[in-house]
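# Structural characterization, general
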Amino acid sequence: MCIRDRVKIYIINDDQSFTQLGSDLLGENINDQFGFKIKLSDDPLAVYKMYDTEGNYRVYLDSEGKPTVGVGHLIDNDSPGSVKNLKVGDTISPAQAHDLFKTDVDDAVKLTNAAIKAHPNLGNVDYNASAEVSYQMGNKVWDKFTDTMKLIDAGDYLGASEEVMKSKWANQ
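First, a word on scope: everything that follows refers to the structure included in this document.

Rules behind the numbers
- Residues numbered from 1 in each chain as written.
- Predicted model: local features only at pLDDT ≥ 70, side-chain atom pairs only at ≥ 80, totals over all residues.
- Heavy atoms only, no water.
- Salt bridge = Lys/Arg side-chain N within 4 Å of Asp/Glu carboxyl O.
- Helix = DSSP H or I, 4+ residues; strand = E, 2+ residues; numbered from the N terminus.
- Buried < 20%, exposed > 50% of the residue type's maximum accessible area, 1.4 Å probe, protein only.
- Phe/Tyr/Trp six-rings, centres within 6.5 Å; stacked < 30°, edge-to-face > 60°.

Applying the stated criterion across every chain yields a total of 2 salt bridges. Taking the shortest distance from any N to any O, the salt bridge between Asp106 and Lys102 comes out at 3.2 Å. Remark: Lys102 and Asp106 occur in helix α3 (residues 94–118); sequence separation between them is 4 residues, near one turn of the helix. Using a relative accessible area of 33% as the deciding quantity, one classes Asp106 as partly exposed.

Structure follows, in structure tokens:
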């Protein structure tokens, strides 16, 4: 049987409905697959701990044990003042979560564009994948993958993909 896996990404709107972001992501070739499962947490109730009974987003600890809120916003010194001092168990509204998400995505796009400017061959890598890495890992991501970036700069994309899969990020 010949298949190409399909991934769809959605955002939650203010009215709690869903809107697909972009088009379906498909494997480039027949039998390309994205994987069979995603492990979010060792805690089977983790997703329920992210929200309170009114639908607000609760601050939780991410896989690295760092306080996080909304759609993966890491609470740190770079966070806006309205969330900078939140502690585990505190909540924010869906509107605040939406604003944080939009800001984080905008930051990831800027970071990805800057990385492509510094490493032009990164432009040959799927832009959405690069932006997703920027979103997940934050503003120092491209500095952390020096060996991977050297391989991308040299045009060795297969070597770069193998190198990044050795990282702590790929194995979390």
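It is worth spelling out the packing of aromatic side chains at this point. For the structure shown, the criterion picks out 1 aromatic pair. Taking the centre distance of 5.8 Å and the plane angle of 75° together, the rings of Phe101 and Tyr135 count as edge-to-face. With Phe101 in helix α3 and Tyr135 in helix α4 (residues 127–137), the pair connects residues that are 34 residues apart, well separated along the chain. Assessed through its relative accessible area of 18%, Phe101 is described here as buried.

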